[in-house]
Amino acid sequence: FHNARLKLYTLLWFKPPVGILGAWCSLRIIQKMSGLYNPPPPSSGEEALEAAEDELSGMMMIKSILPSALVGNRISGSSSSSSGSTKTASSKFSPWGSSLLRLNVSDKSYKIRVQGQKQTRKRKRKFRRGRSFDLDKGDRSYDNFGGIETVRVRAYQEGLKAALEVVSEEEEDDDGSSTTLFGNKQSVEEHKSNSSVKDDVQTALTALQLLCPPKGSREYFVQENAQALSKLSNYIAPSSSTRDKTKTAPTVKQQNIDLLLHHSSKLIEMRTLDALLRTLRDRHLIVASRLRRARDYWKWHVNLSGGWFGLFTQDIRLKVNSVLPWLGLNDFKERIQRDYERVTASWEKELICLGKVQQILLDRPEEMEVGSLLSVTKENDGEESSWLSNLLSGGTKSKPSLDASAELILESKNRVWIRETEDWCTTARQAVRDALDEVMITKDVGDAERSEAHKFLNDWASYDVTTENASSWLTALSIVEYSGSPRRPGEQRYLQLSTIISQVKRYDFLGIPSSVLILFAANMFHDRVVAPHKQEMIDFAKSVFSAVWGVIEFRFYIPLKDIILDLLNRRPRMVDPFALSNEQTSLDNMLKDLGVGDGTRENRARALASASRMYEEEVAGGAIRGIVRGKVAQLMLIQIQQLKADLLQAMDTIDVLVDANRLNVQLIAGIPALLIVIYGTRAAFLFWSNIRMKNFRLPHDVHSEMSDYLKKVEECLVLSNYQLDAMGREQAVGAKACLKPKEMGELLLLLHSYLNLLDYMSPPFPSKQCNSIHQSVQNLLLQGQMSTKRQLDLLKVIQSKNDELLKFI
């Protein structure tokens, strides 16, 4: 043990790269081994085992389509559906609120369940950064209010709380009245019905309390709502679907509760589908941006194949093909043209899909006004603040009325809203199905798997009973997350570092091969780079540290310290006042001993004049005789003392002058430090923005590209609905003309590219100005789809704000 510890210390101190990386590799291997040899959890019972077998039988199709990292969602969702009906667990410090427990299922599904848990953690930890994917006002609602329809959510929460209290009271009454000698079958059924309704109300209330935190993961928001949608599937299905109905005629309260649950369930479904569609829109934006780069790549090759350079390369290819015909270089130009046409077709198809998704988001039913939020929660807020009235009333609070919630739901505008919501949810599901069908077509899978996937998505979009569980929602979410990964037709397969790393990781068992290579490279680096030039590196580091510390000390620390001391009246002085007073008193006493003064300060000038005359007489009578027998020596000491006193007096005057201008001098000395901070931070921000863009450009060039994107947006809006010119209908419907799906997709792609550059340049552009531009861009895509005329007017405001950014460069 002692030898092993000695070797470890040797590696750590004499070979730091090997020691540090060795410790990191050891921790990584231990972590992988702990995950590998972690024993599977025990089974939770025969029912959970049967449910796990059913889910595993339904996973065969999903395994063949999705990556292995996405397969576990169905199992994790099924386990959550079996456990969520019993109890819920609240996470106090989580911004997501309460989440449902998950039971441990059989050993057979353990690996899939672990993958699902990893995917869940990945979704929960995911955060949205920047502004490039927040394109409309609905995205702003997620950051400000945690989702859409905030006012309606608060209103339904009040109604569900009242319904929960009513159902609880009825359940207590049933418990007291159902105990008879022979029993009562009808009361038992009613008791079970009340229990199920109470569970549904609690589930709906818990789901409406879920909020997406600012910049939070919308994928995790969809996953958390999947369990509630599974439980409330009877209230979510369209009116044409079969629903469970009680045999007896329902009371007015039961009808109100059922109506409230129906509206709340559709609201939960709409919020979930909205988040799912925004996730799908983000994937379409990623694919469209990727296809645009591929399109520019093939367009450059097509342009390069023409002209004298194209003829020259064509002659070379023909000569090479005559020698090596198996290379197939004869039709190289046709292949480039064909790839360019394919990628252009894929790009336009992706723009159409992107535009359709965004149009569905904009066609969402109109929300309740935010100003009515106070009227919705007025009573509840008053109860929380009026503690004195509650104390005087014996602790009884005014409960929110279930009848008031029913009256709110039965209003004409809310009845129109529920019909529009049902149509919108159906359209949204069909849009997700169509988009994912396109993804399955691009994926290289078999016909059987593709048909099964199509059948699953078709059943899910048509509200089939078998696809209304949580696992189906999680499967749809997984396919949406994966929709941006497959390559589209004509897309260039670039050699990416991530692809190489993923291929290497397949053969990296427990991280041992990669750890050995890392340690070997670290040892080689130490032996060939660090050890031979160790002293040079140390001297260079010391010189750099000295230079940096010198700049900090003489340009920042000393001027700042002197300014603070001057403001606190703690100024260092060159002359001590006591020393000056002492020298002047000594001069007065010496003049008094000479007999020419009285030792006071007022008579000092006359005494010095008399001493000077006396010194002249002594020198005139003979200098040697004056030194030996006269007072020349005493007079010389008086002159020396006078010189000392006058010198200290002059230094005191200079000290006063310096004190009067010390603050000004230190402020002037701090100007270089201020310039270093200003221009240094600008250079650092510019360098960091160039690193993020992966392209080193000047701010003026980036701003010019941003202006070009805005001009392209204006061109897209101007050319929209150009067919109306030929039909002569432009003046009639020009004010109501809206964008078509392809034009909407192109507009979204241009705005995404503009906001992407705005993110990269913030800083050096100020955040306040960038946020103002971002808000104006979001106003271009308001709910209900503005006309192109209004969008062009708003675009002029955005262009003026964009031009003002030049002042900050």
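Quick notes on the rules
- Numbers given for residues are sequential positions, taken from 1 along each chain in its written order.
- For this predicted model, a pLDDT threshold of at least 70 governs which residues receive local features, and a threshold of 80 or more governs which side-chain atom pairs are given and counted, while totals over whole chains, interfaces and linings are taken from all residues.
- Hydrogens and water molecules were not included; the side-chain quantities draw on all heavy atoms of the structure.
- Labels follow the DSSP assignment, with helices taken as runs of H or I lasting at least four residues and strands as runs of E lasting at least two, numbered in each case from the N terminus.
- A helix is expected to reach a length of 1.5 Å times the quantity of its residues less one.
- Note on exposure labels: buried denotes an accessible area under 20% of the residue type's maximum, exposed denotes more than 50%, and partly exposed covers the range between, all computed with a 1.4 Å probe on protein chains only.
- Here, two residues are considered to be in contact whenever any of their heavy atoms come within 4.5 Å of each other.
- Nonpolar cores are built from buried Ala, Val, Leu, Ile, Met, Phe, Trp, Tyr and Cys residues. Side-chain atoms within 4.5 Å join them into one set.
- Exposure above 30% relative accessible area and the absence of a salt bridge qualify a residue for a patch, where like charges join within 9 Å and nonpolar side chains (Val, Leu, Ile, Met, Phe, Trp, Tyr) within 5 Å.
- Using the Shrake-Rupley algorithm and a 1.4 Å probe, accessible areas are obtained, with residue cover drawn only from the displayed protein chains.
- Salt-bridge detection follows one rule: a side-chain nitrogen of Lys or Arg within 4 Å of a carboxyl oxygen of Asp or Glu.
- Under the convention used here, Asp and Glu are negative, Lys and Arg are positive, and both His and the chain ends fall outside the count.
- For the purpose of locating charges, the reference atoms are NZ of Lys, CZ of Arg, CG of Asp and CD of Glu.
- Scored from 0 to 100, pLDDT reflects the predictor's confidence in each residue.
- Lines are fitted to the C-alpha atoms to define the axes, a helix being fitted only along its stretch in contact, and any angle between axes, read from their N-to-C directions, falls within 0 to 180 degrees.
- An angle below 35 degrees is read as roughly parallel, one above 145 as roughly antiparallel, one from 65 to 115 as roughly perpendicular, and any other as oblique.
- Each helix crossing is assigned a hand: it is left-handed if the near helix lies turned anticlockwise from the far helix by less than a right angle, otherwise right-handed if that turn is clockwise.

Draft legend 1. Looking closely at unusual backbone geometry. With an omega of -10°, the peptide bond between Ser762 and Pro763 qualifies as cis. For Pro763, the position within the fold is in the loop between helix H33 (741-760) and helix H34 (767-779). Its identity as a non-glycine residue notwithstanding, Glu149 has a phi of 55°, on the positive side. Counting through the fold element by element, Glu149 comes out in the loop between helix H7 (137-145) and helix H8 (150-177). Even without being glycine, Lys215 reaches a positive phi, approximately 60°.

Draft legend 2. Fine view of helix H29 (residues 671-693). End to end, H29 covers 33 Å across 23 residues, agreeing with the expected 33 Å (1.5 Å per residue, within 8%). Every buried residue of H29 is accounted for by Ala673, Leu686, Ser689, Asn690 and Met693. Tucked into the core, H29 has its buried residues touching helix H24 (534-567), helix H30 (699-719) and H33. Among the residues trailing H29, Lys694 stands out with phi positive, at a value near 60°.

Draft legend 3. Molecular detail of the nonpolar core. Tyr156, Leu160, Leu273, Leu276, Leu277, Trp424 and Val432 are the most contacted members of the largest nonpolar core, which has 65 residues in total. Discounting residues that sit within four places of it in the chain, Leu160 has contacts with Val201, Ala204, Leu205, Leu208, Leu260, Leu261 and Ser264. One finds Leu362, Leu739, Phe765 and Val777 within the second-largest nonpolar core, a separate group that totals 36 residues.

Draft legend 4. Structural context of a positive patch on the surface. A surface patch of positive charge is lined by Lys32, Lys118, Arg121, Arg125 and Lys505. Sort the elements by how many residues they give to the positive patch and helix H6 (residues 110-125) lands first, with 3 residues. Relative to the assigned elements, Lys118 resides in helix H6.

Draft legend 5. Up close: the confidence of the model for the protein chain. Taken as a whole, the protein chain shows an average pLDDT of 75; of its residues, 74% reach a score of 70 or greater. Put simply, strand S1 (residues 88-90) is where the protein chain has its lowest mean pLDDT, 35, and H33 is where it has its highest, 92. Counting contacts from residues 37-109, a segment whose pLDDT is below 50, to residues more than four positions away or on other chains yields 133 contacts. Segment residues 240-247 is flagged for pLDDT under 50; beyond a separation of four residues in sequence, or across chains, it makes 7 contacts in the model.

Draft legend 6. Structural view of the packing of helix H20 (residues 447-461) against helix H21 (residues 470-482). Remark: H20 packs on H21, axes separated minimally by 11 Å, with the N-to-C direction vectors making an angle of 120°. Regarding the angle of H20 to H21, the classification is oblique. In terms of crossing hand, the pair formed by H20 and H21 is left-handed. Where H20 abuts H21, its residues Phe456, Leu457 and Trp460 lie against Ser472, Trp473, Thr475, Ala476 and Ile479.

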